[in-house]
Amino acid sequence: MQGKKLPTRVSLPRPQPCPGYPGAAIVCDTMGLFLLALLLPLAHVSALPFYNGFYYSNSPHDQNPGNGYGEGLFNRVKLVVETPEETLFSYQGANVTLPCRYHYKPALVSPRPMCIKWWKLSENGALDQDVLVAIGLRHRSFGDYRGRVSLWQDEDNEVSLEIQDLRLEDSGRYRCEVIDGLEDESSLVELELWGVVFPYQPRQGRYQLNFYEAQQACEGQAAVVASFEQLFRAWEQGLDWCNAGWLQDASVRYPVTLARQPCGGLGLAPGVRSYGPRHRRLYRYDVFCFAAALKGQVYYLQHPEKLTLEEAKEACQEDGAQIAKVGQLFAAWKFRGLDHCDAGWLADGSVRYPVVHPRPKCGPPEPGVRSFGFPDPQSRKYGVYCYRPR
Ligand SMILES: *[C@@H]1O[C@H](CO)[C@@H](O)[C@H](O)[C@H]1NC(C)=O
């Protein structure tokens, strides 16, 4: 085969779907594969490990040892895909770019046709989520990402993903995959939103929520079910909670900073303790919710009298706002330093107040959002926290 000339551009018999995306309108170019078939004696072709329309080389003997010309298999060109190792942090509502670049070792003389796939890895055993598939200038986005994502592509082999108007659900791990018909390499980008984790119990009390109800409970508080990474970070920052709660991957855990008797015993080290994965419908626990940093404002309403829950809701509306949700109060406490010693109603009927600088007559000596649980909605002992979006 040595010395044989590579054919220049040939017309393709039929385009193949991007691997793993048989339904995608976009297809990957099989140029490389077709060249390979032309160059190999026919007898070998039938023995090639074809998969999904592509040739995958898994043995060094399949490769013609470097004869210095051509591309791909014949000189063991290696495709390298690079993403940042550090987790990226951003805000709800922001635009963020997940960087991804590729190159060849050694460098290629002429570029190969590329298929780029971005997808989000599942955190709770559901299917991975397609985000974007691109070939050349054509691209297609999927599901919740439609219209919100685009590919930053340039001559320097950048294939970064821009996501606009970040949502709480967007945090997680994304895979950037580069496929050129001969090779298929990928790398991960981890995206986190700035936010705050809080444990949540409904009015009915402790251990009342199955996984699906836990998801609804967090959504009702302007939050989502927290991921393990988010809970772990909260534990590092001092979250200590003795009731087990659901996480996004349907595992059940609780974070303990100070080992103690009623909380797993003294024998166990501090940490995020696990009950392991639990049946989503049959088991009932509390939940850990995650609320993002806010654009709007949470405030204690200056009002001459104490209010019932219904009066509290009306009072916020009269002030051009809404009664605040639990997630909004936590976010204002954490990111805006909201510090107020008066207990106030919240949308779910609980009563709380946020303290950044602990002081006498203002609850325990640690900063936190204090809770009075769910008092009688008719009682007139409390004020109200309102939320005004910007
Ligand atoms: C995000 O990008 C879009 C489109 O370029 C722009 O209209 C919007 O203002 C950006 N949002 C932020 C928060 O920068």
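Residues numbered from 1 in each chain as written. Predicted model: local features only at pLDDT ≥ 70, side-chain atom pairs only at ≥ 80, totals over all residues. Heavy atoms only, no water.

Asker: Sorry, what's going on with the packing of aromatic side chains here?
Answerer: Any pair of aromatic rings gets described here by the distance separating the centres and the angle formed by the planes. Enumeration over the complete set of coordinates arrives at 18 aromatic pairs. Ring centres of Phe211 and Tyr212 lie 5.8 Å apart, and the angle between their planes is 75 degrees; this geometry places the pair in the edge-to-face category. Pairing Tyr283 with Tyr285 gives two aromatic rings, centres 6.4 Å apart and planes at 5 degrees, and the pair type is stacked. Here the aromatic cluster, defined as three or more aromatic residues joined through ring pairs, consists of Tyr207, Phe211, Tyr212, Trp246, Tyr254, Tyr275, Tyr283 and Tyr285. A cation over an aromatic ring shows up here: Arg278 above the ring of Tyr283, its NZ or CZ 5.0 Å from the ring centre. (Phe/Tyr/Trp six-rings, centres within 6.5 Å; stacked < 30°, edge-to-face > 60°. Lys NZ or Arg CZ within 6 Å of the ring centre and 35° of its normal.)

Asker: Explain the site of the ligand here, please?
Answerer: Neighbouring the ligand are Gly93, Asn95 and Gln164. In this structure, an oxygen atom belonging to the ligand sits 2.3 Å away from a side-chain N or O atom of Asn95. Bound to the protein, the ligand loses 30% of the 360 Å² it would expose on its own. (Near = heavy atom within 4 Å. Polar contact = N/O pair within 3.5 Å; in protein donor to acceptor, adjacent residues only side chain to side chain. Areas by Shrake-Rupley, 256 points an atom, 1.4 Å probe, with all protein chains shown as cover.)

Asker: It is not clear to me how the sheet that holds strand E7 (residues 96–98) should be interpreted in this structure. Could you clarify?
Answerer: Pairing between the strands of a sheet comes from backbone hydrogen bonds, and it takes one of two forms, parallel or antiparallel. With antiparallel pairing, the three strands of this open sheet are ordered in space as E7-E13-E12. Strands with a single pairing partner mark the edges of an open sheet, and in this sheet they are E7 and strand E12 (149–153). With strand direction ignored, the average angle separating the axes of adjacent strands in the sheet is 30 degrees. Two elements, E12 and strand E13 (residues 159–163), share five bridges in a ladder whose sense is antiparallel. Looking across to E13, one finds that Trp152 is bridged to Ser160. (Pairing = 2+ DSSP bridges. Helix = DSSP H or I, 4+ residues; strand = E, 2+ residues; numbered from the N terminus. Axes fitted to C-alpha atoms, helices over the stretch in contact; angles between N-to-C directions.)

Asker: I'm lost on the pattern of salt bridges in this one. Help?
Answerer: Pairing is possible between side chains of opposite charge, provided their charged atoms come close. A full pass over the atoms with the stated rule returns nine salt bridges. Two residues, Lys117 and Glu177, come together in a salt bridge whose shortest N-O distance is 3.2 Å. You can see Lys117 sitting in strand E9 (residues 115–120) and its partner Glu177 sitting in strand E14 (residues 172–179), a full 60 residues away along the chain. The same class applies to Lys117 as to Glu177, namely buried. Between Arg388 and Asp319 there is a salt bridge whose closest N-O contact spans 3.3 Å. Highlighted residues: Arg388 in strand E27 (residues 383–388) and Asp319 in the loop between helix H5 (309–318) and strand E23 (322–323), separated in sequence by 69 residues. Residue classification places Arg388 among the partly exposed residues on the basis of a relative accessible area of 30%. Classification of Asp319 by relative accessible area gives partly exposed; the value is 32%. (Salt bridge = Lys/Arg side-chain N within 4 Å of Asp/Glu carboxyl O. Buried < 20%, exposed > 50% of the residue type's maximum accessible area, 1.4 Å probe, protein only.)

Asker: Sorry, what's going on with the pairing of E14 here?
Answerer: As a general feature of sheets, a regular strand has side chains that alternate between the two faces. Counting buried positions over the eight residues of E14 gives six, a clear majority of the element. The pairing of E9 with E14 spans six bridges and is antiparallel. Across the sheet, Trp118 pairs through a bridge with Cys176, a residue of E14. Sheet analysis places E14 next to strand E15 (residues 184–193), joined by eight bridges and oriented antiparallel. Across the sheet, residue Val178 finds its bridge partner in E15, namely Glu185. Hairpin connection from E14 to E15: four residues lie between these consecutive antiparallel strands, with Gly181 at a positive phi of about 90 degrees.

Asker: Is there a simple way to explain the state of the cysteines in this structure?
Answerer: Each disulfide is one covalent bond, formed between the sulfur atoms of two cysteines. Enumeration over the complete set of coordinates arrives at four disulfides. Here Cys100 engages in a disulfide with Cys176; their sulfurs sit 2.0 Å apart. Between Cys100 and Cys176 the disulfide shows an S-S torsion of about -80 degrees. By sign, it is left-handed. In this pair, Cys100 is assigned in the loop between E7 and strand E8 (101–105) and Cys176 in strand E14, connecting sequence segments 76 residues apart. Residue classification places Cys176 among the buried residues on the basis of a relative accessible area of 0%. Through a disulfide, Cys341 is tied to Cys362; the S-S separation comes to 2.0 Å. With a gap of 21 residues between them, Cys341 in the loop between helix H6 (326–335) and strand E24 (344–345) and Cys362 in the loop between strand E25 (351–355) and strand E26 (368–371) connect regions that are remote in the sequence. (Disulfide = S-S within 2.5 Å.)

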